[in-house]
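Letter by letter, the chains look like this.
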Amino acid sequence: KAIPTPERLWELACDYFEDVDNNPITKEELIKGGMFAGDKGTVNLQRPYTFEGLEVYLYLNGIISKLDDYRANTGGAYSDFQDVIRTIEKTIRTQKFEGASAGIFNSSIIAAELGIAKKIEQTVTMEQPLFPEDSTGRVVTQTEDESLLD
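Note that the structure is a prediction, hence the values are computed from the model and not measured.

> Can you lay out the overall build of the chain for me, pointing to particular residues and giving the numbers?
Helices and strands together make up the secondary structure of the chain, namely 6 helices and 2 strands. Beginning at the N terminus, the succession of helices and strands in the chain can be written as α-β-β-α-α-α-α-α. Counting across all 150 residues of the chain, residues that qualify as buried make up 23%. Considering only contacts in the chain between residues 6 or more positions apart, those separated by 24 or more positions represent 48%. Summing over all exposed atoms, the chain offers an accessible surface of approximately 11100 Å²; the carbon and sulfur share of this is 52%.

> Explain the nonpolar core residue by residue, including any values.
In terms of nonpolar packing, the biggest core is built from 21 residues, with Ile3, Leu67 and Ile88 touching the most fellow members. For this core, the secondary-structure elements that each account for two or more residues are helix H1 (6-22), helix H2 (51-60) and helix H4 (82-101). In terms of residue count, the dominant contributor to this core is H1 (6 residues). Excluding residues within four positions of it along the chain, isoleucine 88 makes contact with Leu9, Trp10, Ala13, Phe17, Phe51 and Leu54.

> Let's hear about the pattern of salt bridges: which residues, and what values?
Per the stated rule, a full pass over the model turns up 6 salt bridges. The salt bridge involving aspartate 80 is made with lysine 1; its shortest N-O contact spans 3.9 Å. Here lysine 1 lies in the segment before H1 and aspartate 80 lies in the loop between helix H3 (68-72) and H4, a separation of 79 residues in the sequence. The class of aspartate 80 is partly exposed, set by a relative accessible area of 44%. For glutamate 11, the salt bridge goes to arginine 8, with nearest N and O atoms at 3.2 Å. With glutamate 11 and arginine 8 both in helix H1, this residue pair falls 3 residues apart, about one helical turn. Residue classification places arginine 8 among the partly exposed positions, given a relative accessible area of 34%. A single salt-bridge network, built from bridges that share partners, covers Lys27, Glu29 and Lys32.

> An account of the packing of H4 against helix H5 (residues 107-114) is requested, with residue identities and associated values reported.
Taken N-terminus to C-terminus, the directions of H4 and H5 make an angle of 150°; their axes are 9 Å apart at the nearest point. Between H4 and H5, the crossing angle belongs to the class labelled roughly antiparallel. H5 is crossed by H4, and the crossing has left-handed handedness. Residue-level contacts link Arg93, Lys96, Phe97 and Ala100 of H4 to Ser107, Ile110, Glu113 and Leu114 of H5.

About the thresholds
- Residues numbered from 1 in each chain as written.
- Predicted model: local features only at pLDDT ≥ 70, side-chain atom pairs only at ≥ 80, totals over all residues.
- Heavy atoms only, no water.
- Helix = DSSP H or I, 4+ residues; strand = E, 2+ residues; numbered from the N terminus.
- Buried < 20%, exposed > 50% of the residue type's maximum accessible area, 1.4 Å probe, protein only.
- Contact = heavy atoms within 4.5 Å.
- Areas by Shrake-Rupley, 256 points an atom, 1.4 Å probe, with all protein chains shown as cover.
- Core = buried A, V, L, I, M, F, W, Y, C linked by side-chain atoms within 4.5 Å.
- Salt bridge = Lys/Arg side-chain N within 4 Å of Asp/Glu carboxyl O.
- Axes fitted to C-alpha atoms, helices over the stretch in contact; angles between N-to-C directions.
- Parallel < 35°, antiparallel > 145°, perpendicular 65-115°, else oblique.
- Left-handed = near helix turned anticlockwise from the far one by under 90°.

Rendered as structure tokens:
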């Protein structure tokens, strides 16, 4: 196993979380107010944790390229890792949810990724008109309608 113990996997995950927290996405924006209004400034934006990001971090650090076997408990060989995998996944989910709730991350994107997107159900009811029209658009009265049945 590339990662010998669940404790080591947790340490590596914490290193990844710290790396994400310490390396925000930077964005240039115009300063909106004050004596520097109109000048460009750099804004730091928090990055969300992702399982894929953890895998990239592990790969770039020469540890392992993917955690599929650990996650799926392939051949029952990784059962001692299941608790730490769940904890990592919950940590990632919690950070995304809390970040979206606070307006740090785009709530629509995070909700869709977490499977909690608002579902809208619409019901369309077709009703028969009270006064039906003929093919020319003229309203057909009841007496005319009954005469059509004869």
